[in-house]
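Here is how the chains run, residue by residue.
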Amino acid sequence: MANERILIVEDEKKIARFLQLELEHAGYSCVIDFTGASVIDHIGQGHFDLILLDVMLPGEDGLSICKRVREISNIPILMLSAKDDVDSKVAGLDHGADDYLTKPFSSKELLARIRALLRKRVGGDKLNESSYHVKDLYIFPDRHEVQVGTTIINLTKKEFELLTYLAQNKNTVLKREQILEDVWGYDYVGDTNIVDVYIRYLRSKVDEVVGKKYIHTVRGIGYVARD
Ligand code: CA
């Protein structure tokens, strides 16, 4: 559990600090976003495991932020609100929140709900909601889809397999021979140039279209997808 990262989106400074203290005491790392303005950037970079999201915020409200997060990520979202009526809870869940907690709440209940959401996420990953990501690029093997923001990128089967493999091993430099063996298989007859060719295809369909660099060349060795 230690080191799981939680993004706290809460404009009331006292509550935000209280949450941070409680969560850090329980072993989580926290970052506070007092306005919600940088949630999408944070989530896009994939640095968090859960969001605590207040509904009433000074700018864009929590419901709208929640909906936008859902376009790019399955990250667990626990909504916090002073509104305890059924309609508010339904609205929160309908906008993509996983759970809803009414203020004031006990830190004991908050922590229990966070644990439950993180467990569910791990279980879900093992079943079939798995996705891999490199920065803000998400790969959904079940749907055979690659997504950056709201853009869906179409890849051929082999391109998709190669990108998934790079994402599964992100931040690890992979040798051409290793990529060839793991993506094309032992029985592939041919040389490692095929890897370079497919990396070029991927770059033209992903990096160049999105305008960001996901796949890096390590001279004399191979390739790495850097987060
Ligand atoms: Ca608030």
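Preceding this section is the structure that the text describes.
A short tour of the structure in this document, coming up. (Residues numbered from 1 in each chain as written. Predicted model: local features only at pLDDT ≥ 70, side-chain atom pairs only at ≥ 80, totals over all residues. Heavy atoms only, no water.)

### With respect to the overall build of the chain
Okay, step 1: Scanning the chain for helices and strands turns up eight helices and 12 strands.
Okay, step 2: Referenced to the eigenvectors of the C-alpha coordinate spread, the extents of the chain come out at roughly 65 × 30 × 30 Å.
Okay, step 3: Across the 227 residues that make up the chain, the buried fraction comes to 44%.
Okay, step 4: Counted over contacts in the chain with a minimum sequence separation of 6, partners at least 24 positions apart contribute 56%.
Okay, step 5: Working note: accessible area of the chain is about 11,900 Å², and carbon and sulfur atoms make up 51% of it.
Okay, step 6: The centroid of the 31 positive side-chain charges in the chain is displaced by 3 Å from the centroid of its 36 negative side-chain charges. (Helix = DSSP H or I, 4+ residues; strand = E, 2+ residues; numbered from the N terminus. Buried < 20%, exposed > 50% of the residue type's maximum accessible area, 1.4 Å probe, protein only. Contact = heavy atoms within 4.5 Å. Areas by Shrake-Rupley, 256 points an atom, 1.4 Å probe, with all protein chains shown as cover. Lys, Arg positive; Asp, Glu negative; His and termini not counted. Charge placed at Lys NZ, Arg CZ, Asp CG, Glu CD.)

### What about the coordination of the calcium ion?
Okay, step 1: Around the calcium ion, the protein contributes the donor atoms Asp-11 (OD), Asp-54 (OD) and Met-56 (O), which lie 2.1 to 2.3 Å from the metal centre.
Okay, step 2: All donors of the calcium ion belong to a single chain; written as a sequence motif, their spacing is D-x42-D-x1-M. Separated by 45 residues along the polypeptide, Asp-11 in the loop between strand E1 (5–9) and helix H1 (13–25) and Met-56 in the loop between strand E3 (50–54) and helix H3 (62–72) bring together distant segments of the chain.
Okay, step 3: On the accessibility criterion, Asp-11 (27% relative accessible area) is partly exposed. (Donors = N, O, S within 2.8 Å, 3.2 Å for Na, K, Ca; no water.)

### Description of the sheet that holds strand E4 (residues 77–81)
Okay, step 1: If you trace the five strands from one edge of the open sheet to the other, you get E2-E1-E3-E4-E5, paired in parallel fashion. Of all the strands in the sheet, just strand E2 (29–33) and strand E5 (99–102) have a single pairing partner and so form its edges. Ignoring which end each strand starts from, the neighbouring axes of this sheet average 20° apart.
Okay, step 2: By the bridge criterion, four bridges tie E1 to E3 in an arrangement that is parallel. Paired with Ile-8 across the bridge in E3 is Leu-52.
Okay, step 3: Contacts between H1 and the sheet are confined to E1, E2, E3 and E4, with E2 contributing the most and set at about 170° to the helix.
Okay, step 4: Of the strands in this sheet, E4 and E5 are in contact with helix H4 (residues 86–94), which crosses E5 at around 145°. (Pairing = 2+ DSSP bridges. Axes fitted to C-alpha atoms, helices over the stretch in contact; angles between N-to-C directions.)

### What to know about helix H6 (residues 157–168)
Okay, step 1: Taking 1.5 Å of rise per residue, the 12 residues of H6 would be expected to cover 16 Å, and the 16 Å separating its terminal C-alpha atoms lies within 8% of that figure.
Okay, step 2: Within H6, burial applies to Glu-159, Phe-160, Leu-162, Leu-163, Thr-164, Tyr-165, Leu-166 and Ala-167. (Expected span 1.5 Å × (residues − 1).)

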